[in-house]
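Topology and contacts: notes
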Amino acid sequence: MQFANEIDEDYRAVRLTADILRNAAELTQSHPLKAYDAIQLSAALAFEKSLRDIDLSVIFVSGDEKLVQAARVQGLAVENPFDHADLD
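Here goes a summary of the coordinates provided.

Quick notes on the rules
Residues numbered from 1 in each chain as written. Predicted model: local features only at pLDDT ≥ 70, side-chain atom pairs only at ≥ 80, totals over all residues. Heavy atoms only, no water. Helix = DSSP H or I, 4+ residues; strand = E, 2+ residues; numbered from the N terminus. Buried < 20%, exposed > 50% of the residue type's maximum accessible area, 1.4 Å probe, protein only. Areas by Shrake-Rupley, 256 points an atom, 1.4 Å probe, with all protein chains shown as cover. Lys, Arg positive; Asp, Glu negative; His and termini not counted. Charge placed at Lys NZ, Arg CZ, Asp CG, Glu CD. Contact = heavy atoms within 4.5 Å. Polar contact = N/O pair within 3.5 Å; in protein donor to acceptor, adjacent residues only side chain to side chain.

1. So, the overall build of the protein chain
Looking only at helices and strands, the protein chain features four helices and two strands. Counting helices and strands in the order they occur from the N terminus, the protein chain gives α-α-α-β-α-β. Along the longest, intermediate and shortest principal axes, the C-alpha atoms of the protein chain span 40 × 40 × 25 Å. Burial statistics for the protein chain: of 88 residues in total, 27% are counted as buried. A total accessible area of about 6600 Å² is found for the protein chain, and carbon and sulfur atoms account for 52% of it. Separation of charge centres in the protein chain, based on 8 positive and 16 negative side chains, amounts to 10 Å.

Right, here's the structure in full:
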């Protein structure tokens, strides 16, 4: 319940637009991404672009190595939570 209460205060939803979908389709042509991963990356790129105007940036978080690499190539700062976990 705490997470549900914090969504409106701590998170910003990105509206899925035709531009985000078009960019996602293009991303699948230049990176080995699944469709939903490409949409996630495309939305993050759109969000990051909107934050540049107010001197903020995005840290893209994913545990999927293909998605992490694509995000890096697209210029996003990236964190992979598996890089910070001891899985042994």
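2. A short note on the side chain of His31
Within the secondary structure, His31 is located in the loop between helix H2 (18–30) and helix H3 (35–52). You can call His31 buried: its relative accessible area is 11%. For His31, the contacting residues outside a window of four places in its chain are Ala70, Val73 and Gln74.

3. Here we look at the side chain of Glu48
If you trace the backbone, Glu48 turns up in helix H3. Within the structure, the side chain of Glu48 is placed 3.0 Å from the side chain of Arg52, a separation counted as a polar contact.

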